[in-house]
Amino acid sequence: MRVISKEDFAEFVNALIKDKSLNVIGVKAKGDKFAFGPLESASELRLDYDVTLLPPKKYFFPQRETLVTYDVTTGFAVPKAEEVKPLVIIGVHPYDIVALLHMDEIFKETKSDPYYFEKRNASIIIGINIQNMSKYCFAPQMGCAVIDYGYDLMLTDLGNRYAINIGHAKGEELLNKYAKNVTTALARDIQLVGQKKREILNMSKQKFDFSPELIPELLSKTYEKSGFWEKHSEKCLACGSCVLVCPTCYCFDVKDSTDLSLERGERIRTWDGCLLEDFAKIASGENFRPTRPTRYRHRYFKKGKYLYDRFGFISCVGCGRCSSNCLPDIANPVKLFNDMYHETKSLGVEITPAAEPSVEIQTEGNIDYVPKLATIVKKVSMTANETLFEIKLDDGSELGHKPGQFVEVSVFGIGEAPISVSSSPTKKGTFELCVRKLGNVTTKLHTLKEGDKVGIRGPFGNGFDYEFLKGKDLLFVAGGLGIAPLRSLFNYVLDNREKYGRVILLYGCKEPRELLFSEEMLALAKRDDVEFKPTVNWCPENEVWTGNIGVITTLIPQVSFDPESTYAVVCGPPIMYKFVIHDLKDRNLPDDHIILSLERRMKCGVGKCGHCQINQIYVCKDGPVFNYSKIKGVPEAL
């Protein structure tokens, strides 16, 4: 531990500011509030602040950030690199340092986010132990009020001097280069720092009536208590303020911004929040979290349960910003959890700490947000709303997908959308996408012509395990556009027909004119190695239909199969799943013999943006293909 007088510390800060190779940030007064901002002088620093308006994460995960630039003539590219100056942030409270450590884990899982870590790795964090605590702060309750890690330097105010704990070599180098008259701490200084830390632990006015380690288990016992969530969310304005000021929220949206020429632009990442109404809405209109209570509940479960199950930490550091920014005053986690605890205990429910989750964080390279340029080589109209696009990557490479995976398709100036690959991996040179005209991207895509350019990222996600399915009898159940992702596996099986057992396809759509891949379906009827049964919900008087009339489940009783040797592969509109699964279970098909492809708003494709989250599951990378036995009973999954 070192010690420096406040006068010499001010000179140290001024010396940092004078070095133009550094970007020096500190806490400054903003009216009667406080905010991180660029420092022009050490005199601006307010290390006695209670809490800042926004956390320091904004410097590593900005509110608005360019991911990709594009030009219709040259394609997509990484933004022109600007020199990343070492960022020195002075005055970070311990809870915000813990929050950054949480963000580090989240942004490196599976694939590391290069935009975040480029700035994070170039940063130097100078923390300050809390002197004044916000009335909403409960960091001591969360174990985040004092820390011994995560910083480069940590200051403690000792009156006319600061004690300095060195946490990393970068901090020590900074101190040696720019600070003067730094001395080794005496025993009394060390004792005083310990006393200050103990005082901090007793500062909080917000206190839990139970041990916070019970939060994950407490939440798990409260999910189905809809009355509790309706009562607490009744006044929610769905403004998203609580999540937009949170130091551990990482959800984002991605949009394209085009310049006036309509030939160039940029793809930007902006903060988003799960409290906002459209956060979980997909292009077809279904909203998997449509009400205020379900969104309000998701916020607490994500922090206290889902991320705990995935990463092993409760992703709330007790800063209290959510409480202080909530106009109807319903965002206070301490108040909510105390109410939850007492209500649960009053019902005689025993609450014990949750079992420690098994955490295996793996990182495989960096995320590539830059799409590959590709050309539409063929466009076939299938119905009034669906078109089949055949696409070739301009660099001549193969897509290399597995059946069931998806790609992010970019249209210049509009954005990108996730589309399942419809063709089998056995098709070489090009791949196919069956696209329904729904949102902005797909509507614009339908106006493009053969020879036009698009962007492709991927393939993404967990596909069908076609190797495991070899030798098995396969029952395909497709509803509407669900035939598109299933077609990839179905055609792979047909191309390797001798390696699989019985093949049955049940396919339903609303009416005959909505039948997709009609020529292929007619050809199936002539094959003796495939059993094909189509159905329509209804048939208008002016159309001819000789097949079954009724919903897709009316076909299941019409086929016989051995439940021990048969695997069902199911894909269709969300409402279809529970009925199909129910009928398959009635036929004694085991849970692990049912394979599903789910749809969610897979915005980023790499498990970062949060839009496709189902509990601790990210559909874009843990799915979209799931074994029913793994998600049976998971709330919001089906």
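Just so it is clear, the structure is predicted and the values come from calculations on it, not from any experiment.

## Describing the overall build of the protein
Part 1: Broken down by element type, the protein carries 17 helices and 29 strands.
Part 2: Taken over C-alpha atoms, the radius of gyration comes to 28 Å for the protein, in line with the 26 Å a tight globule of 638 residues would show.
Part 3: On the principal axes, the C-alpha backbone points of the protein span a range of 90 × 65 × 40 Å.
Part 4: Looking at the protein residue by residue over its 638 residues, the buried ones come to 56%.
Part 5: For the protein, the share of sequence-separated contacts (at least 6 apart) that also reach a separation of at least 24 residues comes to 74%.
Part 6: Surface accessibility of the protein: about 27,300 Å² in total, with carbon and sulfur atoms responsible for 49%.

## With respect to the side chain of Lys 305
Part 1: Structurally, Lys 305 can be placed in helix H9 (residues 292-311).
Part 2: Lys 305 has contacts with Pro 216, Leu 219, Ser 220 and Tyr 300, leaving out every residue within four places of it along the chain.

## A few points about the pairing of strand E15 (residues 372-381)
Part 1: Bridge count for E15 against strand E20 (residues 453-460) is 4 bridges, and the pairing is antiparallel. Residue pairing in the sheet places Thr 375 in a bridge with Lys 453 of E20.
Part 2: The sheet contact formed by E15 and strand E16 (residues 386-393) spans 7 bridges and is antiparallel. Each residue of the ladder has a partner; that of Ile 376, found in E16, is Ile 391.
Part 3: The hairpin turn running from E15 into E16, its antiparallel successor, is 4 residues long.

## Details of the packing of aromatic side chains
Aromatic ring pairs are reported here in terms of the distance separating the ring centres and the angle at which the planes meet.
Part 1: What the rule picks out here adds up to 30 aromatic pairs.
Part 2: Measuring from centroid to centroid gives 6.2 Å for Phe 34 and Tyr 49, while their planes differ by 50 degrees, and the two rings are tilted. Placement of the pair is Phe 34 in strand E3 (residues 33-38) and Tyr 49 in the loop between E3 and strand E4 (64-71), with a sequence separation of 15 residues. Residue Phe 34 shares its accessibility class with Tyr 49, and that shared class is buried.
Part 3: Taken together, a centroid distance of 5.5 Å and an interplanar angle of 85 degrees make the contact between Phe 468 and Tyr 567 edge-to-face. Taken together, the residues span a long stretch of sequence, with Phe 468 in the loop between E20 and strand E21 (473-479) and Tyr 567 in strand E25 (residues 566-571) at a distance of 99 residues.
Part 4: Within the aromatic cluster, the residues linked to one another by ring pairs are Phe 138, Phe 208, Phe 210, Tyr 223, Phe 228, Trp 229, Tyr 296, Tyr 300, Phe 301, Tyr 306, Phe 337 and Tyr 341.
Part 5: Here the guanidinium or amino end of Arg 600 rests over the ring plane of Phe 288, the centre of that ring lying 3.6 Å away.

## Brief notes about the sheet that holds strand E12 (residues 252-258)
Part 1: The strand order across the open sheet formed by 4 strands is E5-E4-E13-E12, and the pairing between neighbours is antiparallel. Sheet topology places strand E5 (75-77) and E12 at the edges, where each strand pairs with a single neighbour. The average undirected angle you get between the axes of adjacent strands in this sheet is 25 degrees.
Part 2: The pairing of E4 with strand E13 (residues 264-271) spans 7 bridges and is classified as antiparallel.

## Section: the domain arrangement of the protein
Part 1: Parsing the protein into structural domains produces domain 1 (2-201), domain 2 (212-346), domain 3 (371-460) and domain 4 (473-597).
Part 2: If you average the C-alpha positions of domain 2 and of domain 3, the two centres end up 33 Å apart.
Part 3: Taken over both partners, the interface formed by domain 2 and domain 3 buries close to 480 Å², and the fraction arising from carbon and sulfur atoms is 50%.
Part 4: Taken as a group, Asp 256, Arg 267 and Ala 283 account for 74% of the area that domain 2 buries against domain 3, more than any other trio of residues on that side.
Part 5: Our count for the contact surface shared by domain 2 and domain 3 stands at 1 salt bridge.
Part 6: For Glu 416, the salt bridge identified is with Arg 267, shortest N-O distance 3.2 Å.

## Concerning the environment of Pro 557
Part 1: Structurally, the position occupied by Pro 557 is in the loop between strand E24 (548-549) and E25.
Part 2: Each C-alpha atom, one on Pro 557 and one on Lys 437, is 33 Å from the other, the two residues being 120 residues apart in sequence.

## Digging into helix H7 (residues 226-233)
Part 1: Within H7, burial applies to Phe 228, Trp 229, His 232 and Ser 233. Across the axial projection of H7, the buried residues extend over an arc of 110 degrees, all falling on one side.
Part 2: Residues of H7 that are buried sit in contact with helix H6 (215-220), H9 and helix H11 (333-346).

## Focus on the packing of helix H1 (residues 6-18) against helix H4 (residues 169-178)
Part 1: Relative orientation of the contacting elements H1 and H4 amounts to 95 degrees, with a least axis distance of 10 Å. Here H1 lies roughly perpendicular to H4, going by the angle between them. Only Leu 174, Leu 175 and Tyr 178 of H4 make contact with H1, whose side of the interface consists of Phe 12, Ala 15 and Leu 16.
Part 2: Split into classes, the residues belonging to the contact of H1 with H4 amount to 6 nonpolar, no polar and no charged.

## Thoughts on the pattern of salt bridges
Part 1: Inspection of the entire model under this criterion finds 43 salt bridges.
Part 2: We note a salt bridge from Asp 96 to Arg 321, for which the minimum N-O separation is 2.8 Å. Residue Asp 96 is located in helix H2 (residues 94-108), and its partner Arg 321 is located in helix H10 (residues 321-324); the two are separated by 225 residues in the primary sequence. Comparing Asp 96 with Arg 321, the two get one shared label, buried.
Part 3: Its salt-bridge partner being Asp 309, residue Lys 305 comes within 3.4 Å of it at the nearest N-O pair. Placement of both Lys 305 and Asp 309 in helix H9 is noted, with a separation of 4 residues, approximately one turn of the helix.
Part 4: Residue classification places Asp 309 among the partly exposed residues on the basis of a relative accessible area of 22%.
Part 5: One network of salt bridges, in which partners are shared, links Glu 65, Asp 113, Lys 119 and Arg 269.

Definitions and limits used
- The residue numbers shown here count from 1 along each chain, following its written sequence.
- Restriction of local features to residues with pLDDT of at least 70 applies here, the model being predicted, together with a cutoff of 80 or more for giving and counting side-chain atom pairs; totals for whole chains, interfaces and linings are based on all residues.
- The basis for the side-chain values is all heavy atoms of the structure; hydrogens and waters are excluded.
- In DSSP terms, a helix is any run of H or I states spanning at least four residues, a strand is any run of E spanning at least two, and both are numbered starting from the N terminus.
- We take the radius of gyration over the C-alpha atoms and set the globule estimate at 2.2 Å times the residue count to the 0.38 power.
- Each residue is assigned to one of three classes by its accessible area relative to the maximum for its type, calculated with a 1.4 Å probe on protein chains only: buried under 20%, partly exposed between the two thresholds, exposed over 50%.
- Contacts are assigned to residue pairs that have any heavy atoms within 4.5 Å of one another.
- Per-residue and other accessible areas follow the Shrake-Rupley method at a 1.4 Å probe size, with only the shown protein chains counted as cover for residues.
- Paired strands are those between which DSSP finds at least two bridges.
- The criterion for an aromatic pair is that two Phe, Tyr or Trp rings (for Trp, the six-membered ring) have centres within 6.5 Å, with stacked assigned to planes under 30 degrees apart, edge-to-face to planes over 60 apart and tilted to the rest.
- Criterion for a charge above a ring: Arg CZ or Lys NZ at most 6 Å from the ring centre, at most 35 degrees from the ring normal.
- As a rule, the C-alpha atoms of each element are fitted with a line to give its axis, helices using only the stretch in contact, and angles between N-to-C directions run from 0 to 180 degrees.
- Residue ranges assigned to each domain were obtained from an automatic or database domain assignment.
- Accessible area, probed at 1.4 Å, shrinks when two parts are joined; the buried area is that loss added up over both.
- Salt bridges, as used here, are contacts in which a Lys or Arg side-chain nitrogen is within 4 Å of a carboxyl oxygen on Asp or Glu.
- By construction, the arc corresponds to the directions joining the helix axis to the C-beta atoms.
- Orientation is classified from the angle alone, with under 35 degrees giving roughly parallel, over 145 giving roughly antiparallel, 65 to 115 giving roughly perpendicular, and any other angle giving oblique.
- Residue classes follow a fixed rule: Ala, Val, Leu, Ile, Met, Phe, Trp, Tyr, Cys and Pro count as nonpolar, while Asp, Glu, Lys and Arg count as charged, and any other residue, Gly among them, counts as polar.

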